[in-house]
Amino acid sequence: MSENFDVAIVGGGVVGCAVARELSRYQLKVVVLERASDVARGTSGKNSGVVHTGINVPVGSVKGKYNVRGAEIFEQYCEDLNVPFERCGKVIVALTEDQIPDLEVLKEKGESIGVKQLEIIDHDRLKEMEPNIEGAGAINVPTAAIACPYTLNIALAESSAASGVEFMLDTPVTGISGEQGDFELETPNGNVSASLIVNSAGLFADKIARMVGVTRWRIWPCRGEYLILDKSVGGMINSMVYPVPPKGGAGLGIHITPTTDGNILLGPSADYTNDGDDVRTTAKIRRQLLAEAGEFLPGLAPRHVITAYSGMRPKLVPVSVGGFGDFVVEEVPEALGVMQLVGIESPGLTAAPAIAEDVTAWALERIPAEKNPGFKKTWSSVRRTREEELEVIDDLIGEDSDYGEIMCRCEMVTKKEIVDSINNELDATSLNAIKYRSRATMGRCQGGFCGPRIVDLLLENGKSPESLTLKGGGSWLFMGTTEDLRAEGKALRAGAK
Amino acid sequence: MGDREFADVAIIGGGPAGLAAAAEAKGAGAERVIMIERDERVGGILNQQVHDGFGTKVFKEALTGPEYSAIYEDRVNERGVETWLKSTVTELTNDRVITVRSERGIETIEAGAVVLAMGCRERTRGAIGTPGTRPAGVYTAGAVQYYMNVSNLAVGRKVVILGSGDIGLIMARRMTLEGAEVVCVAEILPQPSGIAGNIVRCLEDFDIPLYLSTTVVEIHGNERVTGVTLAEVGPKMGEKKGTRRYFDCDTLLLSVGLIPETELANALGLAMSPVTNGAIVDESFHTSAPGIFSCGNVLQVHDVVDYATLEAEKTGIAAAKYAMIGELPETNINVTAGAGLRYVLPATISGGDAIDFTMRPWKEEHDKSVVFKSGGEVLRRMKMPHMEPAGMIRIRVGKGRFKHVVNNEILVEVEE
């Protein structure tokens with residue numbers, strides 16, 4: 001069976017889902033094809049969550065253009081979608097006196113690209129702002145902000161789905177044939193026809209480009225490991241703390257970033273790898289992150305770490321060329337009808353809403369469409385209660401007693417929030433789908449208490465043990481019941497005899 | 001929001017410590033005792049511990065976890081303790097006002113005395129920093145125990161266990177009996193973390209190898225665990241070159257330590273011990289905040305539940321006294337852990353009562369003594385044929401001995 005869509009978006013990261021949301025303002029038939037069991041599972045779900053000002057990108061670059069525009073509209077975006085956003089500011093810290101001239105250069109560049117309110121501050125002023133941070137001086141960037149990256153990605157997807165966009169999860173695109181107006185995308189879940197294609201496949205955007213005959217790009221995956229610190233030490237910093245960017249490096253250097261949930265992130269490292277899925281964490285980088293961040297934050301201790309994870313940058317330049325590769329946001333002559341969004345690494349989160357505006361304009365030029373009366377301008381998938389006033393919570397419990405049962409003690413997530421996450425708009429079914437919507441299992445006990453209770457809840461809802469996964473695919477959680485295990489053991493022993 | 005409730009004693013946590021403290025607080029004359037439990041039943045971890053061996057100290061017989069728990073559940077019910085189930089304390093203030101969230105709404109309790117009995121949580125992969133991929137199939141031992149014994153679920157077929165804590169050892173046996181293959185147990189320390197009896201009953205009896213000074217240096221598998229790499233570690237826990245060994249498995253089970261659930265205590269700013277990670281208490285288990293007490297695993301991680309019970313019973317009585325009479329014995333004598341001991345508890349005593357001191361040694365020792373000294377003189381010497389970090393030491397010192405205390409200082413140490 002082949003369905004006909006106006007636009008097929010390949011990849012459900014923040015860029016693909018931002019495009020889906022913009023397109024859902026119009027009466028267009030749109031499908032998002034995502035290879036993972038949920039959206040936000042690649043680069044978009046695993047980054048620092050920083051809404052960049054643009055100070056770090058070259059003047060006149062594509063990155064610069066979308067970064068600045070994205071930063072302008074980001075706060076409203078988050079408000080509409082009920083996504084945590086905080087203008088916490090940023091300090092770019094010179095550890096030693098000899099880095100102070102670098103700050104001047106950065107400030108000038110930032111001002112030329114339009115970043116406002118930049119000021120160079122001395123050691124004493126830095127200490128006033130950040131008592132726990134060491135440094136000779138810094139640039140204060142008060143307009144920099146943070147947002148919750150995976151919550152934004154999920155909200156973009158769910159609001160789009162509620163506005164009529166179709167989402168096909170667990171659906172990798174394995175081949176593309178046809179031409180503008182009549183593309184055919186092959187997937188294990190059947191073929192999909194579309195007039196236009198948006199290639200927002202992130203780490204695999206080069207492979208999708210090749211499927212439509214464009215061979216000029218290669219993605220160089222660059223892994224970044226992070227450590228997450230316990231909320232009990234979340235107050236160690238007030239704003240983001242960045243080093244002066246390392247010259248020729250692949251990233252902005254290891255920074256210390258608060259999250260909108262009150263944790264602190266350390267990272268990311270920068271290690272090139274051949275495999276975009278190789279998101280392992282290593283002992284070496286753990287030590288390195290603690291040591292490097294410790295230079296700025298002497299109070300940091302290994303026991304503050306609750307867990308580690310890795311993200312992956314889809315870089316367009318290899319390590320030999322150095323740090324900078326610009327975003328590709330264009331339709332190229334050898335593949336008309338395909339919008340190529342390639343190499344969207346940092347500041348891709350910030351840029352996504354702006355890129356989505358231009359992609360939508362491009363699509364509307366080719367397929368004019370009326371406004372969609374069913375467009376959901378505002379959206380809230382899971383109502384969080386952690387930061388609500390007691391009176392409000394009490395009223396909510398009156399409406400639904402599930403708000404009174406805290407299942408995840410560490411993150412103060414109620415049963416109602418978990419039930420809402422289970423019943424999500426995308427029908428994503430893994431344990432991680434619940435985790436990234438509710439935050440249950442993300443705290444210091446990492447699901448030790450609530451994990452089994454969430455599983456009980458899923459079983460009560462009629463799921464079979466064998467069907468439960470951590471993140472879809474082959475990530476099964478249970479081989480079955482204990483009876484199944486015993487029976488299998490018996491059969492094995494009988495076979496051995 | 002409901003009216004403010006008043007209680008003589010409020011107990012936070014309905015596990016073994018909370019149950020014993022609640023029963024004894026009521027028995028000692030506290031009129032209204034409220035025990036607040038977040039789960040849908042009391043008993044805490046005992047509910048999932050279907051093996052026997054509980055109660056050998058208190059009842060002189062080996063009971064299962066649920067049997068042991070049921071005795072105390074009956075006791076709190078008979079004595080008229082109010083138990084609030086599926087209720088979570090979201091805030092506790094220094095003037096002992098407790099905010100509770102439950103299906104009934106938000107309620108506040110003003111208590112004459114509060115007993116912290118929240119128990120502990122398991123240390124996780126993230127906390128110990130095990131490197132590798134992030135597949136399904138990495139579980140803490142306690143979670144697997146719940147899955148198997150409460151939810152009847154089997155987590156995997158072929159299991160490597162990291163850490164030789166008691167729950168891990170018990171799960172090695174349990175999983176073997178249920179038909180899974182336990183490939184080995186790796187322990188980063190040069191000695192087991194679980195008690196000696198469990199090494200024999202749970203590993204040796206089932207021919208499960210235990211590799212000491214060994215840890216997991218890499219987890220493999222993108223979706224589900226496909227194997228782990230183990231390596232030996234040197235004295236400073238660094239990986240020894242050339243000792244890597246790969247093991248096929250679909251499950252990695254972690255039994256790598258317990259951490260007291262002290263979040264409410266931390267929020268109060270209580271004086272805490274950096275060694276036990278629990279509150280610093282006096283002989284009445286009274287913390288640095290007036291009217292707030294602590295016992296059970298949130299105070300110090302116990303090896304045997306019976307001792308948590310005994311500790312909690314004393315705490316319950318002291319909390320009732322504080323709530324009803326308003327005072328406790330003054331404790332001017334400081335007790336310090338010296339050579340060979342990680343800690344000793346309580347930190348201060350009055351000298352007017354016999355005290356059961358609890359402590360743990362740094363390392364395994366044979367035929368040594370634990371001595372209580374003051375002003376260079378020995379108050380009490382206890383011969384210890386065997387000591388190990390996995391086992392808690394309990395030594396009673398009669399009140400007569402405290403007459404000889406000099407300068408209000410007692411030093412406790414291990415002696416040849």
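What counts, and where the lines are drawn
- Residues numbered from 1 in each chain as written.
- Chains lettered and ligands numbered in written order.
- Predicted model: local features only at pLDDT ≥ 70, side-chain atom pairs only at ≥ 80, totals over all residues.
- Axes fitted to C-alpha atoms, helices over the stretch in contact; angles between N-to-C directions.
- Helix = DSSP H or I, 4+ residues; strand = E, 2+ residues; numbered from the N terminus.
- Parallel < 35°, antiparallel > 145°, perpendicular 65-115°, else oblique.
- Left-handed = near helix turned anticlockwise from the far one by under 90°.
- Contact = placed C-beta atoms within 7 Å.
- Nonpolar A, V, L, I, M, F, W, Y, C, P; charged D, E, K, R; others polar.
- Pairing = 2+ DSSP bridges.
- Domains from an automatic or database assignment.
- Core = buried A, V, L, I, M, F, W, Y, C linked by C-beta atoms within 7 Å.
- Buried ≥ 20, exposed ≤ 12 C-beta atoms within 10 Å, placed from the backbone.

Asker: Mind showing me how you'd approach the packing of helix α1 (residues 14–23) of chain A against helix α8 (residues 348–366) of chain A here?
Answerer: Between two packed helices, what matters for the description is the angle formed by their axes and the separation of those axes. Residues and elements named next belong to chain A. Two numbers describe how α1 lies on α8: the axes approach to 8 Å, and their chain directions differ by 45°. Relative to α8, the element α1 is oriented oblique. Relative to α8, the crossing made by α1 is right-handed. In contact with Val14, Val15, Ala18, Val19, Arg21, Glu22 and Leu23 of α1, α8 contributes Gly348, Leu349, Ala352, Pro353, Ile355, Ala356, Glu357, Val359, Thr360 and Ala363. Of the residues contributing to the contact of α1 with α8, the split by class is 12 nonpolar, 2 polar and 3 charged.

Asker: How should the sheet that holds strand β12 (residues 158–162) of chain B be read in this particular structure?
Answerer: The strands making up a sheet are joined through hydrogen bonds of the backbone, oriented either antiparallel or parallel. Residues and elements named next belong to chain B. As summarised here, the arrangement of the 5 strands in space is β10-β18-β12-β13-β14, forming an open sheet in which the pairing is parallel. The open sheet has two edge strands, β10 (138–140) and β14 (210–211), and neither has a second partner. Of the pairings in the sheet, the one linking β10 to strand β18 (residues 251–254) comprises 3 bridges and is parallel in character. By the bridge assignment, Thr140 is partnered in β18 with Leu254. The strands that helix α4 (residues 141–149) touches are β10 and β18; relative to β10, the one it contacts most, it runs at about 90°.

Asker: Explain the domain arrangement of chain A here, please?
Answerer: Accessible area lost on assembly of the parts is the figure often given for the size of an interface. Along its sequence, chain A is organised into domain 1 (1–84 + 145–218 + 316–381), domain 2 (90–142 + 220–315) and domain 3 (390–482). Placing the centre of domain 2 of chain A and that of domain 3 of chain A at their C-alpha centroids yields a distance of 32 Å.

Asker: I tried to follow the interface of chain A and chain B on my own but got confused; where do I start?
Answerer: The interface of chain A with chain B comprises 50 residues on the first partner and 42 residues on the second. Listed by contribution, the elements that provide at least two residues to the side of chain A that touches chain B are α7 (283–296), β18 (305–315), α9 (390–399), α12 (450–460), β23 (480–481) and α13 (482–496) of chain A. Sheet analysis places β23(A) next to strand β11 (residues 153–154) of chain B, joined by 2 bridges and oriented antiparallel. If you follow Thr481(A) over to β11(B), its bridge partner there is Leu153(B).

Asker: Honestly, the nonpolar core in this entry has me stumped. Any pointers?
Answerer: In a soluble, globular protein the nonpolar side chains are often hidden away together inside. If you look at the biggest cluster of nonpolar residues, it comprises 196 residues, and the most contacted ones within it are Val7(A), Ala8(A), Ile355(A) and Leu252(B). Broken down by element, the residue count for this core peaks at 8 residues, all from α8(A). Leu252(B) has contacts with Gly137(B), Val138(B), Val160(B), Leu162(B), Val216(B), Ile219(B), Val225(B) and Val228(B), leaving out every residue within four places of it along the chain. One finds Leu19(B), Ala23(B), Leu264(B) and Ala318(B) within the second-largest nonpolar core, a separate group that totals 82 residues.

Asker: What's the story with α4(B) in this structure? I'm lost.
Answerer: Along an α-helix, residues three or four positions apart point the same way, because every turn accommodates 3.6 residues. For α4(B), the buried fraction is high: 8 of the 9 residues fall into the buried class. Of all the residues in α4(B), the buried ones are Ala141(B), Gly142(B), Ala143(B), Val144(B), Gln145(B), Tyr146(B), Tyr147(B) and Met148(B).

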